[in-house]
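Per-entry structural report
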Amino acid sequence: MAAHLANLSVLVADRREKAERVSVFLYGKQREILAYEQMVMLSVQQIIEYYSARWKIESGFKKIKQ
C-alpha cells in the first residue's frame, strides 16, 4: 500500500507542476480552480461542469430517497 501511495504522490506532484488556473461555472458560481488538462474529447472546463451537474443530481436523489 505504501508503494502505491508513493507512486500516487509522484503522479500528483507531476500533474500539479503542469496544472494551470482555469475559470469554470461550478455550483452556481464562476470559480477559479487549478486543473491539469490532457487531450480528450472534452475540455477540462466541460468535464468539471458536467461532473458538478451530475453531483447535484446525485444529491437530489439521496434527498428524495430519505
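Residues numbered from 1 in each chain as written. Predicted model: local features only at pLDDT ≥ 70, side-chain atom pairs only at ≥ 80, totals over all residues. Heavy atoms only, no water.

Bridge analysis of strand E1 (residues 20–26) against strand E2 (residues 29–35) gives seven bridges, and the strand direction is antiparallel. Across the sheet, the residue bridging to Arg21 is Leu34, located in E2. Counted along the chain from E1 to the antiparallel partner E2, the turn is two residues long, and its residue Tyr27 has a positive phi close to 55°. (Pairing = 2+ DSSP bridges. Helix = DSSP H or I, 4+ residues; strand = E, 2+ residues; numbered from the N terminus.)

Considering all chains together, one arrives at two salt bridges under this definition. Two residues, Arg15 and Asp14, come together in a salt bridge whose shortest N-O distance is 2.7 Å. On the accessibility criterion, Arg15 (28% relative accessible area) is partly exposed. Close ionic contact of Lys18 with Asp14 constitutes a salt bridge, the shortest N to O distance being 3.4 Å. Residue Lys18 and its partner Asp14 are both found in helix H1 (residues 2–18); the two are separated by four residues, about one turn of the helix. Judged by its relative accessible area of 47%, Lys18 is partly exposed. The structure contains a network of salt bridges with shared partners spanning Asp14, Arg15 and Lys18. (Salt bridge = Lys/Arg side-chain N within 4 Å of Asp/Glu carboxyl O. Buried < 20%, exposed > 50% of the residue type's maximum accessible area, 1.4 Å probe, protein only.)

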